[in-house]
Amino acid sequence: MPHDHSHDHIEEAGDRRVALAILVNLALTVAQIIGGVFAGSLALIADAIHNLSDALSLVIAFFARRISRRPANADMTFGYGRAEVVAALVNYTTLIVIALYLMAEGVQRLLSPSEVEGWTVVIVAGIALIVDAVTALLIFGMSKSSMNMRAAFLHNLTDAMASVAVIVSGIAVLLYDWRLVDPLVTLGISGYILWHAAMGLKPVIRVLMLAAPEDVDLADVIADLEAVNGVESLHHVHLWHMGEKDISLQAHVVTSSPEGAHSMKRDLRAILEERHGITHSVLELETAPDVCADARVVGH
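Residues numbered from 1 in each chain as written. Predicted model: local features only at pLDDT ≥ 70, side-chain atom pairs only at ≥ 80, totals over all residues. Heavy atoms only, no water.

Now for the overall build of the protein chain. Assigned secondary structure in the protein chain consists of 8 helices and 3 strands. Ordered by position from the N terminus, the helices and strands of the protein chain form the series α-α-α-α-α-α-α-β-β-α-β. For the C-alpha atoms alone, the extent of the protein chain along its principal axes is close to 85 × 45 × 30 Å. When burial is assessed residue by residue, the protein chain has 45% of its 300 residues classed as buried. (Helix = DSSP H or I, 4+ residues; strand = E, 2+ residues; numbered from the N terminus. Buried < 20%, exposed > 50% of the residue type's maximum accessible area, 1.4 Å probe, protein only.)

Turning next to the pairing of strand β3 (residues 278-287). Strand direction decides the pairing type here: strand β2 (residues 247-255) and β3, joined by 9 bridges, are parallel. Bridged to Ser248 within β3 is His280. The β-α-β motif built from β2, the intervening helix α8 (residues 261-276) and the parallel element β3 has right-handed crossover chirality. (Pairing = 2+ DSSP bridges. Right-handed = clockwise from strand over helix to strand, strands pointing away.)

On to the packing of helix α7 (residues 218-226) against α8, then. Contact geometry of α7 with α8 gives a least axis separation of 10 Å together with a crossing angle of 145°. Remark: the crossing between α7 and α8 carries right-handed chirality. Every residue of α8 that contacts α7 at Asp220, Val221, Asp224 and Leu225 is listed here: Leu268, Ile271, Leu272, Arg275 and His276. Tallied by class, residues from the contact of α7 with α8 come to 5 nonpolar, 1 polar and 3 charged. (Axes fitted to C-alpha atoms, helices over the stretch in contact; angles between N-to-C directions. Left-handed = near helix turned anticlockwise from the far one by under 90°. Contact = heavy atoms within 4.5 Å. Nonpolar A, V, L, I, M, F, W, Y, C, P; charged D, E, K, R; others polar.)

Moving on, we get to the packing of helix α5 (residues 147-176) against helix α6 (residues 181-208). Running from N to C, α5 and α6 cross one another at 170°; their axes reach a closest spacing of 9 Å. Taken together, the axes of α5 and α6 are roughly antiparallel relative to one another. Facing Met147, Leu154, Thr158, Met161, Ala162, Ala165, Val166, Ser169, Ala172 and Val173 of α5, the residues of α6 in contact are Val181, Asp182, Val185, Ile189, Tyr192, Ile193, His196, Pro203, Val204 and Val207. Looking at the contact of α5 with α6, its residues break down into 16 nonpolar, 3 polar and 1 charged. (Parallel < 35°, antiparallel > 145°, perpendicular 65-115°, else oblique.)

What follows is about the packing of aromatic side chains. Following the criterion strictly, the structure yields 1 aromatic pair and no others. Relative to Phe63, the ring of Phe62 has its centre 5.3 Å away and its plane inclined at 85°; by these criteria the two rings are edge-to-face. A relative accessible area of 16% places Phe62 in the buried class. Residue classification places Phe63 among the partly exposed residues on the basis of a relative accessible area of 49%. Note that Arg70 overlies the ring of Tyr80, its terminal NZ or CZ placed 5.6 Å from the centroid. (Phe/Tyr/Trp six-rings, centres within 6.5 Å; stacked < 30°, edge-to-face > 60°. Lys NZ or Arg CZ within 6 Å of the ring centre and 35° of its normal.)

Its location among the elements puts Cys292 in the segment after β3. Along the backbone, Cys292 and Ser146 are 146 residues apart, and their C-alpha atoms lie at a distance of 39 Å. Apart from the residues within four sequence positions on either side, Cys292 is in contact with His235, His236, His252 and Glu286.

Our focus in this paragraph is the pattern of salt bridges. Going through the model one piece at a time under the given rule, you end up with 3 salt bridges. Where Glu214 meets Lys202, a salt bridge forms, and the shortest distance between an N and an O atom there is 3.4 Å. Of this pair, Glu214 sits in the loop between α6 and α7 while Lys202 sits in helix α6, and the two are 12 residues apart along the sequence. Given the relative accessible area of 56%, Glu214 is considered exposed. (Salt bridge = Lys/Arg side-chain N within 4 Å of Asp/Glu carboxyl O.)

Now for the side chain of Ser190. Turning to its location among the elements, Ser190 is positioned in helix α6. Of the polar contacts made by the side chain of Ser190, one reaches the backbone nitrogen of Met103; its length is 3.3 Å. The contact partners of Ser190, leaving out residues within four places of it in the chain, are Ala99, Leu102 and Met103. (Polar contact = N/O pair within 3.5 Å; in protein donor to acceptor, adjacent residues only side chain to side chain.)

On to α5. With 30 residues, α5 should reach 44 Å at 1.5 Å per residue; the first-to-last C-alpha distance of 43 Å fits that figure. With its phi angle positive at about 55°, Asp177 sits one or two positions after the end of α5. (Expected span 1.5 Å × (residues − 1).)

Here's what the structure looks like:
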């Protein structure tokens with residue numbers, strides 16, 4: 001019980017950090033939009049829209065964190081752990097939509113350049129960079145162990161990079177009056193966001209599609225299990241992520257020693273956990289006369 005209280009305290013402290021990051025980003029978004037309109041800078045407004053997406057991503061991440069901690073029930077027998085994975089999918093998809101919108105706006109501004117107030121761009125983007133850095137620090141620790149928080153962290157990290165790029169564009173306007181740098185920077189920001197979103201989406205989709213973990217070799221798992229004394233073969237093997245962190249395996253195990261079923265299951269589960277990090281397994285033992293007809297080794 002003391003462990004549970006300690007864990008709850010850590011989770012609540014994390015929730016407070018996320019809530020603080022949300023408030024800071026919302027205030028920054030308002031300042032950036034006002035500054036962008038005043039300065040006539042599309043890059044600054046682009047950064048503001050991206051920053052708004054940061055705030056929204058943190059809101060989604062905040063509620064997903066809280067939902068994921070709900071216990072399993074009759075309606076959701078696997079629990080709510082995947083709420084964070086769904087939140088990550090929403091956040092990455094939002095990033096892609098925003099990036100495509102900004103890309104279209106950047107192309108339009110390239111065709112029709114407008115005046116940009118360099119000093120306003122540099123000052124507001126500099127403030128944005130500080131806020132982005134603070135926000136990233138607030139959620140960095142949580143991003144290491146949560147796909148959900150990693151997506152929110154990437155929102156802020158890309159926004160910090162975008163702020164640096166906007167500052168550079170503002171300086172270019174001040175020094176060389178090169179107005180085209182603003183839409184060019186916008187296109188660069190868009191491409192950077194798309195790249196990060198594409199990289200982040202892959203593991204999220206794999207979890208939602210019940211794909212096998214990339215760092216676990218299924219052939220090695222099957223070989224290790226079939227090497228256990230009394231095991232003849234395996235079939236109907238399924239390997240997937242129960243949640244973001246918990247790896248699960250289900251298999252039919254054909255045995256020549258049904259009398260030793262209890263110790264065999266114990267040995268199989270020990271191998272799965274100790275060698276492959278698989279913490280949840282469902283193993284159905286079969287004898288040769290009861291083997292499923294035309295059974296596939298993997299899948300049904």
